[in-house]
Structures are given as structure tokens and as C-alpha cells.
Amino acid sequence: MTTSTSQQELFQFLEDRFACAQACTECARACALRASLVDPEGTENQELVRRKGIMCAEVCDATCRVLSEQNQVDEEAIRVQLEWCRQVCLESAHVFDQQPGAEDSAAACRACARACGEFLATLR
């Protein structure tokens, strides 16, 4: 491996890590907003949307924090966090698909899941 190749790979790794963290931040905002718009006294489906929104926001926020900690977290812990975030985002997107007006939140969840998956691929 040449020095320029390893530098290129490092830059790509950092760009993917940043893109994932940014997608997590955007998803956390969208999910928190979606959860706040749901009536806490609403239907069972609305309660599910609210719970999924809160959970997704918290998982995305935690993932962003893990990605921000340079060398304080080992690679296996990052893998586990990314996979958890990816899965929660996909589940949340599915729930949001059933809720009128939640299209932006579902799209943010899918973008975050995709970014987590892409960054996860660089760790394998």
C-alpha cells in the first residue's frame, strides 16, 4: 500500500464517519420533532409513532456521540452501535410510513440507516 493510497483511505474513512454522524444528527432532530407532534393521549398507533420517534432520536444521538469520540471507543463497540442505529432507523422509518405527514422523518431515518451501513462496511 502506498502512502497516498493509505492517506486516500484515511480521508474516505473520515468522510464516511462524518457523513454518518451528520445523518445521525439530522435523523435525531427529525425523529424528536415527529415525536413532539404526536398527541400523548392519542391512539395506540400514535403512541407507537411517538415511542419510535423518541427511541430513534436517542439512539441516533448516542451514535453521533460515539462517532465523535476519536480513539476512546474500540472498533467493535462502534460496529455494534452502528448496527443498532441502522436497525432502529429502519424500524422507525417503517412505523413513520404508516403516519400521514411523517414522510420527512421516514426519509431521514432511511438516510441515516444507509449512512450507518456504508460506514459499517468500511470497518469490516
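Labelled according to an unreviewed UniProt entry, the protein appears under the name Polyferredoxin, originating from Streptomyces griseoviridis.

1. Some points on the pattern of salt bridges
Evaluation of the coordinates by the stated rule reveals seven salt bridges. For glutamate 76, the salt bridge identified is with arginine 79, shortest N-O distance 3.1 Å. A residue pair is termed a helical-turn pair when its members lie 3 or 4 positions apart in one helix, as glutamate 76 and arginine 79 do in helix H3 (residues 75-97) at three residues. Among the ionic contacts, a cluster of salt bridges with common partners joins Glu75, Glu76 and Arg79.

2. A word on a nonpolar patch on the surface
On the surface, a cluster of nonpolar side chains totalling about 290 Å² of accessible area is made up of Leu10, Phe11 and Leu14. Along the chain, phenylalanine 11 turns up in helix H1 (residues 3-37).

3. Brief notes about the nonpolar core
Within the largest apolar cluster, 35 residues are counted, with the highest numbers of intra-cluster contacts made by Cys60, Leu82, Cys89 and Cys112. Looking at this core, the elements with two or more residues in it are H1, helix H2 (44-68), H3 and helix H4 (103-123). Here the element with the most residues in this core is H4; it accounts for nine residues. Look past the residues within four positions of cysteine 60 in its chain and what remains in contact with it is Cys24, Cys27, Ala28, Cys85, Cys89 and Cys112.

4. Focus: the state of the cysteines
Inspection of the entire model under this criterion finds zero disulfides. For the unlinked cysteine cysteine 56, the closest cysteine sulfur is that of cysteine 31, found at 3.6 Å. The thiol of cysteine 112 is not disulfide-bonded; the next cysteine sulfur, from cysteine 24, is found 3.5 Å away.

5. Here's the deal with the environment of leucine 82
Note on placement: leucine 82 falls in helix H3. Looking at leucine 82, the relative accessible area reads 0%, which means it is buried. With 62 residues separating them along the chain, leucine 82 and cysteine 20 place their C-alpha atoms 9.1 Å apart. In this structure leucine 82 touches Cys20, Thr63, Leu67, Cys116, Phe119, Leu120 and Leu123, once residues within four positions along its chain are discounted.

6. Describing the side chain of threonine 63
Turning to its location among the elements, threonine 63 is positioned in helix H2. In terms of polar contacts, threonine 63 uses its side chain to reach the backbone carbonyl oxygen of valine 59, at 2.8 Å. Aside from chain neighbours lying at most four places away, what touches threonine 63 is Cys24, Gln81, Leu82 and Cys85.

What counts and how
Residues numbered from 1 in each chain as written. Predicted model: local features only at pLDDT ≥ 70, side-chain atom pairs only at ≥ 80, totals over all residues. Heavy atoms only, no water. Salt bridge = Lys/Arg side-chain N within 4 Å of Asp/Glu carboxyl O. Helix = DSSP H or I, 4+ residues; strand = E, 2+ residues; numbered from the N terminus. Patch = residues over 30% accessible without salt bridge, like charges linked within 9 Å, V, L, I, M, F, W, Y side chains within 5 Å. Areas by Shrake-Rupley, 256 points an atom, 1.4 Å probe, with all protein chains shown as cover. Core = buried A, V, L, I, M, F, W, Y, C linked by side-chain atoms within 4.5 Å. Buried < 20%, exposed > 50% of the residue type's maximum accessible area, 1.4 Å probe, protein only. Contact = heavy atoms within 4.5 Å. Disulfide = S-S within 2.5 Å. Polar contact = N/O pair within 3.5 Å; in protein donor to acceptor, adjacent residues only side chain to side chain.

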